[in-house]
Each structure stands twice: as C-alpha cells, then as structure tokens.
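Coordinate analysis (summary)
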Amino acid sequence: MSNLSAFSFGQRTLDLTRPQVMGIVNVTPDSFSDGGTLFELRQLCVDMAIERAQQMVADGATIVDVGGESTRPGAAPVSLQEEMDRVLPVVERLNKEVDAVISVDTSSPELITAVAELGAGLINDVRALGREGALQAAAATGLPVCLMHMQGSPATMQDAPSYDDVVEEVVSFLSYRAEQCVAAGIAKDQIILDPGFGFGKTLEHNLRLLNNLDQLQALGLPVLLGTSRKSMIEHVLGRPVDERLAGGLATVAVGVMKGACLFRVHDVKETVDVVRMTEAVLNECKV
Ligand code: YH5
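**A short note on the site of the ligand**
Around the ligand there are 18 residues in total, and Asp 105, Asn 124, Asp 194, Lys 230 and Arg 264 lie nearest to it. Interatomic distance of 2.7 Å between a side-chain N/O atom of Asn 124 and a nitrogen atom of the ligand. Between Arg 264 and the ligand, the recorded distance is 2.9 Å, taken from a side-chain N or O atom to an oxygen atom. When isolated, the ligand has an accessible area of 520 Å², and the protein chains bury 90% of it. When each cavity is represented as a set of grid points, the ligand is found to reside in the largest pocket. Among the residues forming the shell around the ligand, the class breakdown is 6 nonpolar, 5 polar and 7 charged.

Pasting the structure below:
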C-alpha cells in the first residue's frame with residue numbers, strides 16, 4: 001500500500017488521503033490564427049497559460065497539468081521540437097511563479113528529461129511510458145508517474161473500441177505497466193493509475209469503468225480521474241463541450257465516493273466545491 005498521506009512530487013508533497021484537484025493547462029495554440037509573429041504568438045500563449053494556472057491555484061488546484069500535444073480523437077500529431085517549444089517555457093515560468101505541483105502531459109523521453117530539470121513534479125503519460133525510452137527517462141528523473149490506459153492510438157482509438165471485459169483489461173494492463181515501472185527503478189509508491197476515460201472506449205466502457213473504480217483501487221495505488229468535458233458526458237446528456245460542466249461534476253462526486261484521489265479538470269473552482277461537499281458528507285463533517 002502506498003503512503004497516501006505524504007505523496008512526494010519532486011520538491012513538493014501532497015496529502016493523497018484527501019482528493020486533490022489538477023487543473024488542465026493546454027498549450028496547444030492551434031486556435032490562434034490571426035496577427036502577430038510566431039514569437040509574439042508563443043509569448044502570448046505562455047502568458048495566458050501562466051495566468052490560467054495562477055487562477056486555478058487560487059481556486060484550489062494543487063497540481064497543474066501542462067500539455068503541448070493534443071490527444072483528442074483524430075488530432076494532428078505534433079513534432080518533438082514543437083512540443084518542446086510549447087511546453088518548456090511554460091514549465092520554466094510555472095516553477096518560478098506558481099505554487100503548485102507541475103505535472104507534464106507527455107509521452108516523449110526527451111521532454112520528460114527536460115521538464116524534470118525545470119522543476120516538474122509529475123510525469124503524466126497517456127501512453128503509460130510505452131514509447132521507446134520513456135520508461136527509462138522517467139525512472140532517471142526520480143519523479144512520480146501517472147500511467148493511463150488507452151486502447152489503440154489517438155488517431156484511431158474511437159473507431160471501434162472493443163473489450164471482453166473492459167474493467168478486467170484496464171486493471172491488468174495498469175498492473176502490468178506498474179510492475180514494469182518498478183522493474184525499471186520507479187518506486188511503487190511513486191505510481192498513479194488512470195483508467196483513461198475516452199481513450200479507446202465507448203460510452204458503455206466509460207460508465208462501467210467509473211462504476212467499478214473500486215477494482216482499480218484494489219491495486220492499492222492512487223487513482224486519477226479525467227472525465228472533464230469529455231464526450232461521455234455528451235453521449236449521456238447531449239451537451240456540446242461548453243455545456244458539460246454539471247455532467248462532469250457528477251462524475252467527480254462519484255469518483256470521490258469511490259476513492260479516486262486526483263481529478264484532472266478544466267473547471268477547478270466548481271470541482272473543488274463538489275469535492276469538498278462530497279467529502280463533508282462522507283466524513284460527516286466540514287473539511
Ligand atoms: C486523462 O484522462 N486526458 S488529454 C477530449 C475532450 C475533452 C478533454 C471535448 N490527458 C487525460 O483532456 N491525462 C488527456 O472532449 C490526460 N488522464 C490523464 N492522466 C484529453 C482531454 C480531453 C479530450
């Protein structure tokens with residue numbers, strides 16, 4: 001069993017006996033198309049990311065997750081150089097200007113090594129350190145890792161997801177990857193697991209995974225939940241992406257009740273309220 005009461009993220013420590021909120025800071029500037037030189041555009045993007053992260057921390061996030069690669073279904077791949085150019089300046093400034101654990105959403109061994117030197121506290125990989133050299137790079141940093149389950153690759157994962165038993169397959173995959181991490185020199189109490197909502201899963205798979213989260217908890221490692229604004233909410237409620245807050249918050253309440261301890265979300269303030277209210281009920285006291 002991991003020591004959840006003092007989980008170490010580089011220089012910082014968080015109490016994982018209580019749910020922690022991780023704010024999503026995207027650094028994928030595809031949405032800007034008009035005006036400015038590339039340099040100015042990048043600077044603007046860094047400024048916006050820092051500002052957003054500061055607001056999230058003020059709202060109660062204890063971790064900020066920085067990602068420069070879009071892994072949404074069908075998203076265009078990003079070169080290593082582009083990912084580095086997007087992420088490194090943000091991590092460097094976050095480390096100086098923001099009081100939170102810096103998590104970096106990446107699968108690239110080169111980026112893993114580089115962000116560790118700039119003060120990152122967590123390596124969050126949707127490919128569970130499956131890329132050539134990623135496992136060794138992560139182990140060499142001494143940082144904790146979040147291993148996520150995905151069936152297939154982002155380009156094709158939603159084409160026809162299929163499992164005999166999704167819960168069993170996700171639990172055995174993550175358990176196997178955790179063992180490989182330990183074999184590579186990552187301490188068992190530095191591993192976080194994530195079922196990977198929306199990554200090669202139909203609505204039924206996502207709902208089964210959330211409702212049976214206790215089977216993943218049974219491995220004794222902290223569990224991270226990433227459902228924020230995802231299409232599983234659209235598939236139940238029929239809501240476009242900007243109207244999925246309430247649906248996402250419902251999944252957070254369920255996650256807290258089922259013992260997940262990390263919540264990766266866009267809407268930090270609302271999520272912190274739901275986490276605290278759910279905890280108050282479970283503990284029968286204000287927290
Ligand atoms: C995750 O679950 N997800 S990137 C599609 C959406 C909304 C959001 C509109 N990185 C996870 O956030 N890391 C991503 O529909 C992650 N767990 C972990 N550990 C995808 C994303 C998103 C995709």
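**So, the pattern of salt bridges**
Think of it this way: side chains of opposite charge can pair up when their charged atoms draw near. The full count for this structure, using the stated rule, is 12 salt bridges. The salt bridge involving Glu 82 is made with Arg 86; its shortest N-O contact spans 2.8 Å. Separated by 4 residues within a single helix, Glu 82 and Arg 86 lie in helix α2 (residues 80–97), roughly one turn from each other. Residue classification places Glu 82 among the partly exposed residues on the basis of a relative accessible area of 22%. Where Arg 93 meets Glu 97, a salt bridge forms, and the shortest distance between an N and an O atom there is 2.8 Å. Note that Arg 93 and Glu 97 are positioned in helix α2 at a spacing of 4 residues, about one turn of the helix. With a relative accessible area of 24%, Arg 93 lands in the partly exposed category.

**Re the packing of aromatic side chains**
Each aromatic ring pair is specified by the distance between its two centres and by the angle formed by the two planes. According to the stated counting rule, one finds 1 aromatic pair in the structure shown. Measuring from centroid to centroid gives 4.9 Å for Phe 7 and Phe 9, while their planes differ by 45°, and the two rings are tilted. Of the residues examined, Phe 7 reaches a relative accessible area of 1% and is grouped as buried. The exposure class of Phe 9 is buried, given its relative accessible area of 1%.

**Some thoughts on the pairing of strand β10 (residues 262–265)**
Burial along β10 is two-sided: Leu 262 and Arg 264 and Phe 263 and Val 265, pointing in opposite directions, are all buried. Strand direction decides the pairing type here: strand β3 (residues 20–26) and β10, joined by 4 bridges, are parallel. Note on β10: the bridge partner recorded for Gly 23 is Val 265. Pairing between strand β9 (residues 224–225) and β10: 2 bridges, direction parallel. Counted as the bridge partner of Leu 224 is Leu 262 from β10.

Rules behind the numbers
Residues numbered from 1 in each chain as written. Predicted model: local features only at pLDDT ≥ 70, side-chain atom pairs only at ≥ 80, totals over all residues. Heavy atoms only, no water. Near = heavy atom within 4 Å. Polar contact = N/O pair within 3.5 Å; in protein donor to acceptor, adjacent residues only side chain to side chain. Areas by Shrake-Rupley, 256 points an atom, 1.4 Å probe, with all protein chains shown as cover. 1 Å grid on protein atoms, 1.4 Å probe; cavity = no way out; pocket = protein on both sides within 12 Å on 5 of 7 lines; lining within 4 Å. Sits in = over half its atoms within 2 Å of the grid points. Nonpolar A, V, L, I, M, F, W, Y, C, P; charged D, E, K, R; others polar. Salt bridge = Lys/Arg side-chain N within 4 Å of Asp/Glu carboxyl O. Helix = DSSP H or I, 4+ residues; strand = E, 2+ residues; numbered from the N terminus. Buried < 20%, exposed > 50% of the residue type's maximum accessible area, 1.4 Å probe, protein only. Phe/Tyr/Trp six-rings, centres within 6.5 Å; stacked < 30°, edge-to-face > 60°. Pairing = 2+ DSSP bridges.

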